[in-house]
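Listed here are the chains, written in short residue letters.
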2 protein chains.
Amino acid sequence: MSSKIRIGIAGYGNIGRGVELAIKQNPDTELVAVLTRRNPETVKTLTEGVKVVHVDDAASMKDDIDVMILCGGSATDLPVMGPQFAEMFNTIDSFDTHAKIPEYFEAVDAAAKKGNNVSIISVGWDPGMFSINRLYSEAILPEGSHYTFWGKGISQGHSDAIRRVEGVQDGKQYTIPSEKAMAAAKSGSEPNLTTREKHTRECFVVAKEGADKAAIEKTIKEMPNYFSDYDTTVNFISQEELNEKHSKMPHGGFVIRSGKTGNGENHHVIEYSLKLDSNPEFTSSVLVAYARAAYRLAKNGDCGAKSVFDIAPALLSPKSAEELRKELL
Amino acid sequence: MSSKIRIGIAGYGNIGRGVELAIKQNPDTELVAVLTRRNPETVKTLTEGVKVVHVDDAASMKDDIDVMILCGGSATDLPVMGPQFAEMFNTIDSFDTHAKIPEYFEAVDAAAKKGNNVSIISVGWDPGMFSINRLYSEAILPEGSHYTFWGKGISQGHSDAIRRVEGVQDGKQYTIPSEKAMAAAKSGSEPNLTTREKHTRECFVVAKEGADKAAIEKTIKEMPNYFSDYDTTVNFISQEELNEKHSKMPHGGFVIRSGKTGNGENHHVIEYSLKLDSNPEFTSSVLVAYARAAYRLAKNGDCGAKSVFDIAPALLSPKSAEELRKELL
């Protein structure tokens, strides 16, 4: 009998495949099954001996899986899957619609308690590691300001928006933090910075043959919500160049807390930053670490929904408490 | 009756005074008493209405204090005070002799369990926030390397060593991280870097009248353990300049994790850094946040020694779980 943490993946897209790769890096975990909405016979996993099961048959896997990692999207998948799976399994998800987190938490909490499971929601880097750093630094420096910058990285939503513009064949959008705004955030002057001031947007666009490039550029730059509030650059390139230079999914960002202590005369800056070659693979790596925590909490009799704020760091590591104190403290 | 967390300070030096200032920034905490080895009548606190009690009379304060913050030194004070106080109070300390943490933990754990108290040891920034970041980043990127850099900042131990050199009237030493080594750490090549390669040392020395400056410089640069393994610069300056420009206690540093995911083709860098005007005031701010956690754990029936690894982030914040999810997740 295996003593490894038996993990299931629900949804086999970029995140699901990233979780599969992350499991290979964590010898105390093993991938047991992939759940999919597609015909299971058409899904080929990287890992030998993994069951592929239709998502409608999830309940049949109840006794074979310790933690189910939900790899669906936040817009339509997770609001349904989250509570539904939390009743059957310990779950981890990366729900990232910030404004809807409170109601999502409540729905997952009720289901997880009903099923006596542990569900850790909104795991990843933002929400996730960035959230933790906002919390730690605010708790340490209560008199101060915090700043979150994203990038440089591909924004999926903005890339999709570009591709919907008439005459556009393909496109990618990079969100770039402003050096000037970053310097201001760290200066100690605690400026108010708008999202526009903090970021610029750079687009790489492949125009369809004969399309009006000037019109495309104008449409992108004036697009409300997505681009109109930003300094936006539009570069037209060939499909070959887009494929060659812009097919990866890099991302990253910075959480900066600037605060004062004493009688206000001493200034401190806490900074956390990520520079990621692959946004989905990094997110997946965070998910697997939190699967370990969910497994341990559930084994310990805990249940209900949790966020990353509720998880003691030690629960994420395969090392024992003694090893951690000796090697990392 | 007050509903604030009633805090005691044991040891009224730089850290003790920093804790007093940090308590003023945290409205859910209040300073109740300062314990001192000096004659209590000679100690004047900044806060009105605070009892000053001789450390030998600590037991008399048992019912008046929720958490005692131990502000003694790690070399001789804490190995005795830690276990002694853990039997009487919930405690927080900043024990920082890395090699002795395992045995210190055991001693405090036994005492805390005997007294049914919670004691969080080795709180601050290293050990402390840096340790947490080593843990999180290693759990997320198990295939990788981590690097801790200290500085730019005053090293108390090295400054003391300078002042013991014959002919030296006064001196301060800055530990400075090497830009080149930092770049290598972030490059993804995962180099092996020695402490010498990672840091340089800069000394500001006031020589006594008529002292042999060349001999002082040679003695400092060749001093084993402290300087002989480093690129060391010695600058002779006047006492006035030392007082004016080098009397603060700045410090900081970097924890960098460089790791790979996927099939090793995607590289990621996680970086946490601190830039502190006042090392003791920042450390004290961390101690007070963890005092809140100790109070909550003890109220919840927990007991024994803990490290920062065992403390869920939410326990550090005065905000409710709902507020945290809404505002910071």
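To be clear, the structure that these remarks concern was listed above.
This report concerns the structure included in the present document. This structure is a prediction, so every number in the text was calculated from the model and none was measured. (Residues numbered from 1 in each chain as written. Chains lettered and ligands numbered in written order. Predicted model: local features only at pLDDT ≥ 70, side-chain atom pairs only at ≥ 80, totals over all residues. Heavy atoms only, no water.)

1. With respect to helix H4 (residues 129-140) of chain A
Residue and element names in this part refer to chain A. Taking 1.5 Å as the rise per residue, H4 with twelve residues should run 16 Å; its terminal C-alpha atoms sit 17 Å apart, in good agreement. Counted residue by residue, H4 has twelve buried out of twelve residues, so it is predominantly covered. Looking at H4, one finds that the buried residues are Met 129, Phe 130, Ser 131, Ile 132, Asn 133, Arg 134, Leu 135, Tyr 136, Ser 137, Glu 138, Ala 139 and Ile 140. (Helix = DSSP H or I, 4+ residues; strand = E, 2+ residues; numbered from the N terminus. Expected span 1.5 Å × (residues − 1). Buried < 20%, exposed > 50% of the residue type's maximum accessible area, 1.4 Å probe, protein only.)

2. Section: the relation of the copies chain B and chain A
Overlaying chain B on chain A yields an RMSD of 0.0 Å, the required transformation being a rotation through 180° with an accompanying axial translation of 0.0 Å. Such a combination of rotation and displacement between the chain copies is what one expects of a two-fold axis. Within chain B, the C-alpha atom positioned nearest to the axis of rotation is that of Ala312(B), 1.9 Å from it. (Least-squares fit on C-alpha atoms with pLDDT ≥ 70 in both.)

3. With respect to the interface of chain B and chain A
Contact residues are listed per partner, giving 66 residues for chain B and 66 residues for chain A. Between chain B and chain A, roughly 5,900 Å² of surface is buried when both sides are summed, and carbon and sulfur atoms account for 60% of that area. Scanning the region where chain B abuts chain A turns up two salt bridges. Note that Glu138(A) is salt-bridged to Lys319(B), the shortest N-O span being 3.0 Å. At the surface where chain B touches chain A, the tally comes to 30 residue pairs in polar contact (both at pLDDT 80 or more). Secondary structure elements with two or more residues in the side of chain B that touches chain A: helix H3 (101-115), helix H4 (129-140), strand E12 (251-261), strand E13 (266-276), helix H10 (279-299) and helix H11 (321-327) of chain B. Of the residues forming the side of chain B that touches chain A, the biggest block, eleven residues, is contributed by E13(B). Taken together, the residues that form the side of chain B that touches chain A break down as 32 nonpolar, 18 polar and 16 charged. When strand E13 (residues 266-276) of chain A meets E13(B), the two strands line up antiparallel, connected through nine bridges. Paired with Tyr272(A) across the bridge in E13(B) is Tyr272(B). (Contact = heavy atoms within 4.5 Å. Buried area = accessible area lost by both parts, 1.4 Å probe. Salt bridge = Lys/Arg side-chain N within 4 Å of Asp/Glu carboxyl O. Polar contact = N/O pair within 3.5 Å; in protein donor to acceptor, adjacent residues only side chain to side chain. Nonpolar A, V, L, I, M, F, W, Y, C, P; charged D, E, K, R; others polar. Pairing = 2+ DSSP bridges.)

4. What about the sheet that holds strand E5 (residues 90-93) of chain A?
Residue and element names in this part refer to chain A. Strand order in the open sheet formed by seven strands is E3-E2-E1-E4-E5-E6-E14, with parallel pairing between adjacent strands. With partners counted over all chains shown, the strands left at the sheet margins are strand E3 (51-54) and strand E14 (304-306), one partner each. On average, each strand axis in the sheet is inclined to that of its neighbour by 25°, with strand direction left out of account. Sheet analysis places strand E6 (residues 118-120) next to E14, joined by three bridges and oriented parallel. Among the inter-strand pairings, Val 118 is bridged to a residue of E14, identified as Gly 304. Contacting E5, E6 and E14, helix H3 (residues 101-115) runs over the sheet at an angle of about 140° to E14. (Axes fitted to C-alpha atoms, helices over the stretch in contact; angles between N-to-C directions.)

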